[in-house]
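Spelled out from the first residue to the last, the chains are:
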Amino acid sequence: MKKIFTNLFFLFVVVTMISISFSSCKEDTECKLEIITKLYDDTMMVVPNAVVTLEQGDILVEGSSDILGRFYYSFPLEAILNVTSKDTTVLPPLKGEGTIRLVPGKTVKKTIFIK
């Protein structure tokens, strides 16, 4: 009887160790970013529908900000990107530039002021 309990306990320990090793936490490598476009003259005023461009080397992403002046995107790997934001609804068009460094597992926020 003692041998049966010893074998069951050993089997339980082995199964537990195997399940822990296979179910370990996987590190999140997705890099998220949030670009907020604001006016340079009035830093509280966001720019809706601004054209946002992310580029570096062969990477080129273009989109537009939402009604709150925010643009969201995510990349699978870490990168340093050049950011350009333009408001083409006015003449002459307003433009702002900056740089953003993406960090794995985090959402990086950057505010671009256009003038």
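Residues numbered from 1 in each chain as written. Predicted model: local features only at pLDDT ≥ 70, side-chain atom pairs only at ≥ 80, totals over all residues. Heavy atoms only, no water.

1. Overview of the pairing of strand β5 (residues 80-87)
Part 1 of the argument: Here strand β2 (residues 51-56) runs beside β5; their pairing, made up of five bridges, is antiparallel. Its bridge partner being in β5, V52 is matched across the sheet by S85.
Part 2 of the argument: Between the end of β5 and the start of strand β6 (residues 94-101), which pair antiparallel, lie six residues. (Pairing = 2+ DSSP bridges. Helix = DSSP H or I, 4+ residues; strand = E, 2+ residues; numbered from the N terminus.)

2. Some points on the nonpolar core
Part 1 of the argument: The biggest cluster of nonpolar side chains holds 18 residues, and the ones touching the most others in it are L33, I35, L54, L81, I100 and L102.
Part 2 of the argument: Each residue touching L33, except ones within four places of it in the same chain, is listed here: L54, F71, Y72, Y73, F75, L81, I100, L102 and V108. (Core = buried A, V, L, I, M, F, W, Y, C linked by side-chain atoms within 4.5 Å. Buried < 20%, exposed > 50% of the residue type's maximum accessible area, 1.4 Å probe, protein only. Contact = heavy atoms within 4.5 Å.)

3. Section: the packing of aromatic side chains
Part 1 of the argument: The tally for this structure, following the rule as stated, stands at two aromatic pairs.
Part 2 of the argument: By way of ring pairs, the aromatic residues F71, Y73 and F75 are connected into one cluster.
Part 3 of the argument: A cation sits over an aromatic face here: K115 above Y40, 4.7 Å from the ring centre. (Phe/Tyr/Trp six-rings, centres within 6.5 Å; stacked < 30°, edge-to-face > 60°. Lys NZ or Arg CZ within 6 Å of the ring centre and 35° of its normal.)

4. Here's the deal with the sheet that holds strand β4 (residues 70-75)
Part 1 of the argument: One open sheet accounts for three strands, arranged β4-β1-β7; its pairing is mixed. Of all strands in the sheet, those with a lone pairing partner are β4 and β7 (107-114), marking the two edges. Each strand of the sheet is rotated relative to its neighbour by a mean of 20°, with strand direction disregarded.
Part 2 of the argument: Two elements, strand β1 (residues 31-39) and β7, share eight bridges in a ladder whose sense is parallel. By the bridge assignment for β7, L39 is matched with I114. (Axes fitted to C-alpha atoms, helices over the stretch in contact; angles between N-to-C directions.)

5. Details of the side chain of D87
Part 1 of the argument: Relative to the assigned elements, D87 resides in strand β5.
Part 2 of the argument: This buried residue, D87, is left without a salt bridge; K86 holds the nearest opposite charge, at 12 Å.
Part 3 of the argument: Within polar-contact distance, the side chain of D87 engages the side chain of T89 at 2.6 Å.
Part 4 of the argument: If sequence neighbours within four positions are ignored, D87 has contacts with V47, P93, L94 and I114. (Lys, Arg positive; Asp, Glu negative; His and termini not counted. Salt bridge = Lys/Arg side-chain N within 4 Å of Asp/Glu carboxyl O. Polar contact = N/O pair within 3.5 Å; in protein donor to acceptor, adjacent residues only side chain to side chain.)

6. A short note on the pattern of salt bridges
Part 1 of the argument: Tallied over the entire structure, the rule returns four salt bridges.
Part 2 of the argument: In this structure, the salt-bridge partner of K109 is E34, at a minimum N-O distance of 3.9 Å. Separated by 75 residues along the polypeptide, K109 in strand β7 and E34 in strand β1 bring together distant segments of the chain.
Part 3 of the argument: Here the salt bridges do not stand alone but share partners, grouping E34, R70 and K109 into one network.

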